[in-house]
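# Coordinate inspection notes
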Amino acid sequence: MLTSIARGAAAGAAGTTALHAATYLDMTLRGRPSSSTPQQTIDKLSEAAGTHIPGDAEKQESRKSGLGALLGMVTGTTVGVGYGALHGLGWRPPMLVGAAVATVAAMVGSSAPMTVLGVTDPRTWSASDWVSDVLPHAAYGLVTAATYRLTEHGRSSRRCRRRVQRRPPLRRLVQ
């Protein structure tokens, strides 16, 4: 089980990298600004916890930006841990089903807290807002599922052994 969870964490981290790459590619292609919802979430969490983010206004904004990004990384890695735990319990979905589950879990994991805190309301999102959210999360889901699958010991190594067994031994080729 611990191995499955560790592989899930690594897969979730890889998926988070894909999500960030897809987000930045979208920003580049469409010329859209970055989202302020992670920083707003940090503001709301800080208020709810009764804490103050230290520093002058500029340093506070920088800290909120950093904390918002870290919160996203924690979410992505945590979803990966859940994915790995499900595999450790015997769940073996087809690749695309696993990717869809990881996509939805990551979307819920990031949007639900923001919705509860009043930072956003997905019911009011435009089509463009949904595209900006769904596509990067789909990249997350695909990379998370693919990475996990590639780290499974039995599946890929069996495939490789079958390929190697079909080839003549190296000794015969050299003689």
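In this report, we go over the structure that sits alongside the text.

Quick notes on the rules
Residues numbered from 1 in each chain as written. Predicted model: local features only at pLDDT ≥ 70, side-chain atom pairs only at ≥ 80, totals over all residues. Heavy atoms only, no water. Patch = residues over 30% accessible without salt bridge, like charges linked within 9 Å, V, L, I, M, F, W, Y side chains within 5 Å. Areas by Shrake-Rupley, 256 points an atom, 1.4 Å probe, with all protein chains shown as cover. Salt bridge = Lys/Arg side-chain N within 4 Å of Asp/Glu carboxyl O. Helix = DSSP H or I, 4+ residues; strand = E, 2+ residues; numbered from the N terminus. Buried < 20%, exposed > 50% of the residue type's maximum accessible area, 1.4 Å probe, protein only. Axes fitted to C-alpha atoms, helices over the stretch in contact; angles between N-to-C directions. Left-handed = near helix turned anticlockwise from the far one by under 90°. Nonpolar A, V, L, I, M, F, W, Y, C, P; charged D, E, K, R; others polar. Parallel < 35°, antiparallel > 145°, perpendicular 65-115°, else oblique. Contact = heavy atoms within 4.5 Å.

### As for a nonpolar patch on the surface
- On the surface, W130, V131, V134 and L135 cluster together into a nonpolar patch covering about 330 Å² of accessible area.
- Assignment of secondary structure puts V134 in helix 5 (residues 127–151).
- By relative accessible area, V134 is classed as partly exposed at 31%.

### Digging into the packing of helix 1 (residues 2–30) against helix 5
- Look at helix 1 against helix 5: their axes get within 7 Å of each other, and the N-to-C directions meet at 145°. Crossing of helix 1 over helix 5 shows right-handed handedness.
- Residue composition of the contact of helix 1 with helix 5, grouped by class: 10 nonpolar, 12 polar and 3 charged.

### Structural notes on the packing of helix 4 (residues 95–116) against helix 5
- At a minimum axis distance of 7 Å, the contact between helix 4 and helix 5 shows a crossing angle of 130°. Taken together, the axes of helix 4 and helix 5 are oblique relative to one another. In this structure, helix 4 meets helix 5 at a crossing whose hand is right-handed. Of helix 5, the residues touching helix 4 (which contributes M95, L96, G98, A99, A102, T103, A106, M107, S110 and S111) are W130, D133, V134, H137, A138, Y140, G141, L142, T144, A145, A146 and R149.

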